[in-house]
Amino acid sequence: MKEAGFPLGILLLFWVSYITDFSLVLLIKGGTLSGTDSYQSLVNKTFGFPGYLLLSVLQFLYPFIVDPENVFIGRHFIIVLSTVTFTLPLSLYRDIAKLGKISFISTVLTTLILGIVMTRVISLGPYIPKTEDAWVFAKPNAIQAVGVMSFAFICHHNCFLVYGSLEEPTVPKWSRIIHASICISVFICILFATCGYLTFTGFTQGDLFENYCRTDDLVTFGRFCYGVTVILTYPLECFVTREVLTTVFFGGTLSSACHIFITVVIIIVATLVSLLIDCLGIVLELNGVLCAAPLIFIIPSACYLKLSEEPRTHSDKIMSCVMLPVGAVVMVFGFVMAITNPQDCTHGQEMFYCSPDNFSLTNVSDSPIQLTTQLSILNSSIFQ
């Protein structure tokens, strides 16, 4: 919202969610047309080894950019401890269906985090000064916002794995599941984005939790829940990376020893990356434009256009022809803008409004007159 402008940001969220819905169904249609049962085999049959290699690189890199475990004091120790204790054992599962209950727990925790963010927009929002350009319709960094939104919705790299885990995998059944899932996801995303932006407007950080004060116990609990969701969700991404390595280098099968070895190597490398990088905003942008944009916009459209024998006026082909160049624009210009105009990173730093010299945001018992006086001083110092 901060990058795109609040009204345009809402519209872009709906647009990206629709594109995601369409491309997920398009992928399975492409798999049905080509007689393949994985993303790699679909691209290999459609574009040969060069396309297969490109897709494998994108799917392999995604989990290494996506691992943002950066939420606690003693961050390095907590990351290593949680990785060894939880992430590694969960990542050793061979059957993706067994991670279903784990994903449900992550969904419940996400709901709790959303409740915390909604609570703070009421109790905290009125005490944060609003920036001057908070309500403009559009801002020049909208393409960067599309990259972040694409990251939020991407699940294409494991859609064939999930499709194959259904009891009766059919395109109509898959379409119904995708429609329902995307509707729920976009509803949650809009609530998160709206509540976060209404609270902090132009001060909103790439990592929303960086905006809240360290003394806010309720938000600290939210940070804990977020850390747990990352721990429970990452094994799904590790599953895809291991699947890519298994297909490319081992012919699709792994012994138990190789399975454990490759999983440990993936987790170690991803953990090292998360220890070195603690700025979530730039991580989301780069992941969105470099990995999510090709996997959502470009590759599904290109595969379907080459495989389908439908007439050019067919709605799926028209939509694919639109998605492909749009994805290329988002990828190229989004990457350039992410490098030349990166988001500010204040990881580990308290925001100015958390200073005791201003006012306490976790103690709302101050009188309205005192808070009004303090906010007047804050607005004068910011906008003059």
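All of these numbers come straight from a predicted model, not from anything done at the bench. (Residues numbered from 1 in each chain as written. Predicted model: local features only at pLDDT ≥ 70, side-chain atom pairs only at ≥ 80, totals over all residues. Heavy atoms only, no water.)

**Quick word on the overall build of the protein chain**
Secondary structure summary: the protein chain contains 12 helices and 0 strands in total. Walking the protein chain from its N terminus toward its C terminus, one meets helices and strands in the order α-α-α-α-α-α-α-α-α-α-α-α. Burial status across the protein chain gives 50% buried among its 384 residues. Of all intrachain contacts in the protein chain linking residues separated by at least 6 positions in sequence, the fraction that spans at least 24 positions is 82%. As presented, the protein chain carries roughly 17900 Å² of accessible surface, and 70% of it is formed by carbon and sulfur atoms. (Helix = DSSP H or I, 4+ residues; strand = E, 2+ residues; numbered from the N terminus. Buried < 20%, exposed > 50% of the residue type's maximum accessible area, 1.4 Å probe, protein only. Contact = heavy atoms within 4.5 Å. Areas by Shrake-Rupley, 256 points an atom, 1.4 Å probe, with all protein chains shown as cover.)

**Considering unusual backbone geometry**
The backbone phi angle of Thr 201 is positive, close to 40 degrees, even though this residue is not glycine. The exposure class of Thr 201 is buried, given its relative accessible area of 0%.

**Regarding the pattern of salt bridges**
Following the criterion strictly, the structure yields 3 salt bridges and no others. One salt bridge connects Arg 120 with Asp 216, and the closest N-O pair in it is separated by 2.6 Å. Of this pair, Arg 120 sits in helix 4 (residues 100-123) while Asp 216 sits in the loop between helix 7 (171-200) and helix 8 (217-249), placing them 96 residues apart in sequence. As far as the burial class goes, Arg 120 and Asp 216 line up, both buried. Between Asp 133 and Lys 139 there is a salt bridge, with its nearest N and O atoms 3.6 Å apart. (Salt bridge = Lys/Arg side-chain N within 4 Å of Asp/Glu carboxyl O.)

**Examining helix 11 (residues 315-340)**
One turn of the α-helix equals 3.6 residues, which is why residues spaced by three or four share an orientation. For helix 11, with 26 residues, the first-to-last C-alpha span of 37 Å sits near the 38 Å given by 1.5 Å per residue. Considered for burial, the residues of helix 11 that qualify are Asp 316, Lys 317, Met 319, Ser 320, Met 323, Gly 327, Val 330, Gly 334, Met 337 and Ala 338. (Expected span 1.5 Å × (residues − 1).)

**Regarding the nonpolar core**
Formed by 51 residues in total, the largest nonpolar core has its most connected members in Tyr 39 and Ile 299. Among the secondary structure elements, those contributing two or more residues to this core are helix 1 (6-34), helix 2 (39-66), helix 5 (142-153), helix 6 (159-165), helix 7, helix 10 (280-307) and helix 11. Residue contributions to this core peak at 13 residues, all from helix 1. In contact with Ile 299, other than residues within four places in its own chain, are Tyr 39, Val 43, Leu 55, Leu 58 and Pro 294. (Core = buried A, V, L, I, M, F, W, Y, C linked by side-chain atoms within 4.5 Å.)

**Things to note about the environment of Thr 340**
Examined against the element boundaries, Thr 340 turns out to sit in helix 11. Look at Thr 340 and you get exposed, because its relative accessible area is 59%. There is a polar contact of 2.8 Å between the side chain of Thr 340 and the backbone oxygen of Val 336. (Polar contact = N/O pair within 3.5 Å; in protein donor to acceptor, adjacent residues only side chain to side chain.)

**Details of helix 9 (residues 256-276)**
When the terminal C-alpha atoms of helix 9 are compared, their 31 Å separation across 21 residues agrees well with the 30 Å that a helix rising 1.5 Å per residue should span. Those residues of helix 9 that sit buried are His 259, Ile 262, Thr 263, Ile 266, Ile 267, Ala 270, Thr 271, Ser 274 and Leu 275.

**Some words on the packing of aromatic side chains**
Under the counting rule described, the total for this entry stands at 10 aromatic pairs. Judged by centre distance (5.8 Å) and plane angle (40 degrees), the rings of Trp 15 and Phe 297 are tilted. One end of the pair, Trp 15, is in helix 1; the other, Phe 297, is in helix 10, with 282 residues separating them in the sequence. Judged by its relative accessible area of 1%, Phe 297 is buried. An aromatic cluster of three or more residues is present, and its members are Phe 200, Phe 209, Tyr 212 and Tyr 226. Residue placement shows Arg 242 over the ring face of Phe 239; its charged tip is 5.2 Å from the ring centre. (Phe/Tyr/Trp six-rings, centres within 6.5 Å; stacked < 30°, edge-to-face > 60°. Lys NZ or Arg CZ within 6 Å of the ring centre and 35° of its normal.)

**Concerning the packing of helix 4 against helix 8**
The N-to-C vectors of helix 4 and helix 8 enclose an angle of 150 degrees; their axes lie 9 Å apart at closest approach. Between helix 4 and helix 8, the angle is such that the two are roughly antiparallel. Two packed elements cross with a definite hand, and for helix 4 against helix 8 that hand is left-handed. Here helix 4 contributes Ile 102, Ser 103, Ile 105, Ser 106, Leu 109, Thr 110, Leu 112, Ile 113, Ile 116, Thr 119 and Arg 120 to the contact with helix 8, which in turn contributes Leu 218, Val 219, Phe 221, Gly 222, Cys 225, Tyr 226, Val 228, Thr 229, Leu 232, Thr 233 and Leu 236. By residue class, the composition of the contact of helix 4 with helix 8 is 14 nonpolar, 7 polar and 1 charged. (Axes fitted to C-alpha atoms, helices over the stretch in contact; angles between N-to-C directions. Parallel < 35°, antiparallel > 145°, perpendicular 65-115°, else oblique. Left-handed = near helix turned anticlockwise from the far one by under 90°. Nonpolar A, V, L, I, M, F, W, Y, C, P; charged D, E, K, R; others polar.)

**Examining a nonpolar patch on the surface**
Together, Phe 104, Ile 105, Val 108, Leu 112, Phe 221 and Phe 224 line one region of the surface with nonpolar side chains, adding up to about 570 Å² of accessible area. Residue assignment for the nonpolar patch shows that the elements contributing at least two residues are helix 4 and helix 8. Of all the elements, helix 4 adds the most residues to the nonpolar patch, at 4 residues. Tracing the backbone shows Phe 221 in helix 8. (Patch = residues over 30% accessible without salt bridge, like charges linked within 9 Å, V, L, I, M, F, W, Y side chains within 5 Å.)

**Examining the environment of Leu 26**
Mapped onto the fold, Leu 26 is located in helix 1. A sequence separation of 278 residues divides Leu 26 from Tyr 304, and the C-alpha atoms of the two residues are 6.9 Å apart.

**Concerning the confidence of the model for the protein chain**
Per-residue confidence for the protein chain gives a mean pLDDT of 81; residues scoring 70 or more make up 85%. Helix 1 holds the highest mean pLDDT among the elements of the protein chain, 93, whereas helix 12 (residues 368-383) holds the lowest, 37. Counting contacts from residues 68-73, a segment whose pLDDT is below 50, to residues more than four positions away or on other chains yields 24 contacts. Below a pLDDT of 50 lies the segment residues 359-384, which in the model reaches 34 contacts outside its immediate sequence neighbourhood of four places, other chains included. (pLDDT = per-residue confidence, 0-100.)

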